[in-house]
Amino acid sequence: HPHHSFFIRTTMAPPDPPSSTTPGVIPLVCSISGRTPTDPVVTPSGRICSRSLLLSKLTDTGGIDPFDPTKSRTLDEAELISLSTTSELSNTTDAVPPRPPSATSIPSILSMLQTEYDAVLLELFDTRRALEETRRELSQALYQNDAAVRVVARLASERDAAREMVAAWSSAKKEEVVVAEGVGAGQKRRRVEDASPADGDDDEDVGPKPPPVVVEPEQPSSLSDNIPPSDLEAMKAKWKILSKSRRKRPPPPASHATKEQLAEFSQIDKKTLHKSSAKPGITALVVDNKHDIAVSGGRDKQIIVYSKEENRVLATIAGVASKEITCVDVSHTEDGKTLIVTGSQDGHVKAYLSPDYQLLGSAMVEDDDEGDAEQKAVVGVSIHPTGTYALATTRKGTVVFLSVSSSEGEGVQKRAVFREKDADDVQYSCSMIHPDGLILGVGTTEGKLKIWDLKTQKLAQTLEVSFCLPSYQCMMNVL
């Protein structure tokens, strides 16, 4: 009860002589001032304080228990329990303090000093508690700041990595555009390289520059090692017609130039048709003497169709390949249109048809994405005499039979793929089809000439040649 008083007694060991005993009182310490309290009281939390100091503290805190760490529990004066100390053998009670002296007396001055001292102790207590709270808040703020800095650093690192990936992708694909042509069923979208020249190339194109068009039908899900029978029958029918007319051709006249006369030939004219400010040079050339035109492919990734009779450029086909053009062939359809088929180092075969030389279609001759990219390069392409088929050879020794059509939804399609058995080390360098259309001659980097029989799609013979590699092209031309 608040009006009850508790007495704390203790018995001290009696000094010599043992017959006389004196009581000892346990000293009490104020939890606020750290000194012996006057009028000590006990709070419900078990703290011992001077009543006057505790009441002053309660006035400052608005009735909140100053010892409660949560600062949510209230403390009233009626809850305080007074403490009294008396001697165990004495029946006397504590002396009643005298009345407060006047302000002019020495005791009054001492009382004032005591009051000031108590106020300083209370302020020191508040300051210490505020310091501890500030330290905790500062520690938490520093921890949160360190965590935020780590998160920002990680995000900045991921952002930089993403920017590098985007920059690398943009650099590799900066010349690509996506063109979708809804031509027939089964067609799909495909990326083609834009016709923009290399950096620093300011030369203007020679002749008209049609926009790139992509018509690439879906390839068959599974390709055969043999040419389809219907296609083979069409090739044989054409062979019968051509072989009969070829046998009727007379031998070359005696007026043809001799070797000595050829040695005396000199240049009489020169045409610079391809761009020369980037990578000058012509990488593929074919001449159609019957129609008096020449088709060339250059390092500028363009195809030039030049008419010798008219002495002008008929067409400039830009954006043919992402890499250098390696081979080109030209033929004419039954209705008199010019058909051009190209092969490039990136492994694509593309077909173009006059008069506007729009892209009929494109096919990737090597489907696998593994291996050396140079081995997938197309080294030779030939249009079959029928004008509806083409044969392409790759560096790694693959022969691809393709169909070429101007009908909607067809374009360029792979029909068959075949290669030599147990010839993984063979590398082709060039190829050309026989004028009759059933024999394919292929030159290799090892100095050999391989003859393919297209009727059986088998290698008929391998010839050893002793002249230099450039002569292969000459032998291909006379097949």
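Notes on the structure follow. Predicted model, so just to flag it, every value in this text is computed and none were measured. (Residues numbered from 1 in each chain as written. Predicted model: local features only at pLDDT ≥ 70, side-chain atom pairs only at ≥ 80, totals over all residues. Heavy atoms only, no water.)

1. A few points about the packing of aromatic side chains
Alright, step 1. Here the structure, examined in full by the defined rule, presents 3 aromatic pairs.
Alright, step 2. The interplanar angle of 25° and the centroid separation of 5.2 Å between the aromatic rings of Tyr389 and Phe401 together place this pair among those described as stacked. One end of the pair, Tyr389, is in strand β16 (residues 389-394); the other, Phe401, is in strand β17 (residues 398-404), and 12 residues separate them in sequence. No difference in accessibility class separates Tyr389 from Phe401, as the two residues are buried. (Phe/Tyr/Trp six-rings, centres within 6.5 Å; stacked < 30°, edge-to-face > 60°. Helix = DSSP H or I, 4+ residues; strand = E, 2+ residues; numbered from the N terminus. Buried < 20%, exposed > 50% of the residue type's maximum accessible area, 1.4 Å probe, protein only.)

2. Brief notes about the environment of Lys376
Alright, step 1. Looking at the secondary structure, you find Lys376 in the loop between β14 (358-364) and β15 (378-383).
Alright, step 2. Separated by 10 residues in sequence, Lys376 and Glu366 have C-alpha atoms that sit 6.2 Å apart.

3. Considerations on the sheet that holds strand β18 (residues 412-419)
Alright, step 1. Pairing within the open sheet is antiparallel, and its 4 strands lie in the order β15-β16-β17-β18. Two strands bound the open sheet, and with one partner strand each, they are β15 and β18. Strand-to-strand, the axes of this sheet are offset by a mean angle of 20°, without reference to chain direction.
Alright, step 2. The pairing of β16 with β17 spans 5 bridges and is classified as antiparallel. Pairing of Tyr389 across the sheet is with Ser403, part of β17. (Pairing = 2+ DSSP bridges. Axes fitted to C-alpha atoms, helices over the stretch in contact; angles between N-to-C directions.)

4. A few points about the environment of Glu334
Alright, step 1. Tracing the backbone through its elements, the reader meets Glu334 in the loop between β11 (325-332) and β12 (338-344).
Alright, step 2. For the pair Glu334 and Gly387, spaced 53 residues apart in the sequence, the C-alpha separation amounts to 8.1 Å.

5. Structural notes on helix α1 (residues 51-61)
Alright, step 1. Taken together, the buried positions of α1 are occupied by Arg51, Leu53, Leu54, Lys57 and Leu58. Mapping the buried residues of α1 onto a view down its axis gives an arc of 165°, with all of them on the same face. Of the residues in α1, the exposed ones pointing more than 90 degrees away from the buried face are Thr59 and Asp60.
Alright, step 2. Positioned one or two residues after α1, Gly62 has a phi angle of 75°, which is positive. (Arc of directions from axis to C-beta.)

6. A short note on unusual backbone geometry
Alright, step 1. Across the junction of Ser354 and Pro355, the peptide omega takes the value 10°, indicating a cis bond.
Alright, step 2. Tracing the sequence through the fold places Pro355 in the loop between β13 (348-353) and β14.
Alright, step 3. Positive phi values are uncommon outside glycine, yet Lys301 reaches one of about 65°.
Alright, step 4. You can see Lys301 is positioned in the loop between β8 (293-298) and β9 (303-307).
Alright, step 5. One non-glycine residue, Tyr357, lies in the positive phi region at around 55°.

7. So, the sheet that holds β11
Alright, step 1. Taken in spatial order, the 4 strands line up as β11-β12-β13-β14 in an open sheet, and their pairing is antiparallel. Edge positions in the open sheet fall to β11 and β14, since each of these has one partner strand only. Strand-to-strand twist of the sheet, defined as the mean angle between neighbouring strand axes without regard to direction, takes the value 15°.
Alright, step 2. Summarising the sheet, β11 and β12 pair through 7 bridges and their orientation is antiparallel.

8. So, the pairing of β15
Alright, step 1. Within β15, 6 of the 6 residues are buried, which leaves it mostly tucked inside the rest of the structure.
Alright, step 2. Where β15 meets β16, 5 bridges bridge the pair, whose relative direction is antiparallel. Across the sheet, the residue bridging to Val378 is Thr394, located in β16.
Alright, step 3. Connecting β15 to the next strand, β16, in antiparallel fashion are 5 residues, including Gly387 with a positive phi near 80°.

9. A few points about the pattern of salt bridges
Alright, step 1. Here the structure, examined in full by the defined rule, presents 14 salt bridges.
Alright, step 2. Residues Asp39 and Arg51 are paired through a salt bridge, measuring 3.0 Å at the closest nitrogen-oxygen approach. Placement of Asp39 in the loop between β1 (5-7) and β2 (40-42) and of Arg51 in helix α1 is noted, with a sequence separation of 12 residues between them.
Alright, step 3. Since its relative accessible area comes to 42%, Asp39 is described here as partly exposed.
Alright, step 4. For the salt bridge of Arg51 with Glu77, the shortest nitrogen-to-oxygen distance reads 3.7 Å. With Arg51 in helix α1 and Glu77 in the loop between α1 and β4 (81-84), this pair connects stretches of sequence that are 26 residues apart.
Alright, step 5. Since its relative accessible area comes to 43%, Glu77 is described here as partly exposed.
Alright, step 6. One connected set of salt bridges, linked through shared partners, spans Asp39, Arg51 and Glu77. (Salt bridge = Lys/Arg side-chain N within 4 Å of Asp/Glu carboxyl O.)

10. What about the state of the cysteines?
Alright, step 1. Scanning all chains against the criterion turns up 0 disulfides.
Alright, step 2. Of the cysteine sulfurs around Cys30, a residue in no disulfide, the closest is that of Cys49, at 4.7 Å.
Alright, step 3. Take Cys49: its relative accessible area is 0%, and that puts it in the buried class. (Disulfide = S-S within 2.5 Å.)

11. Regarding the side chain of Asp329
Alright, step 1. Following the sequence through the fold, Asp329 ends up in strand β11.
Alright, step 2. No salt bridge is formed by the buried Asp329, whose closest oppositely charged neighbour, Lys290, lies at an N-O distance of 14 Å.
Alright, step 3. Of note is the side chain of Asp329, whose polar atom sits 2.7 Å from the backbone nitrogen of Ile383.
Alright, step 4. For Asp329, the residues in contact, after removing those within four places along its chain, are Val286, Leu339, Ile340, Val341, Val381, Ser382 and Ile383. (Lys, Arg positive; Asp, Glu negative; His and termini not counted. Polar contact = N/O pair within 3.5 Å; in protein donor to acceptor, adjacent residues only side chain to side chain. Contact = heavy atoms within 4.5 Å.)

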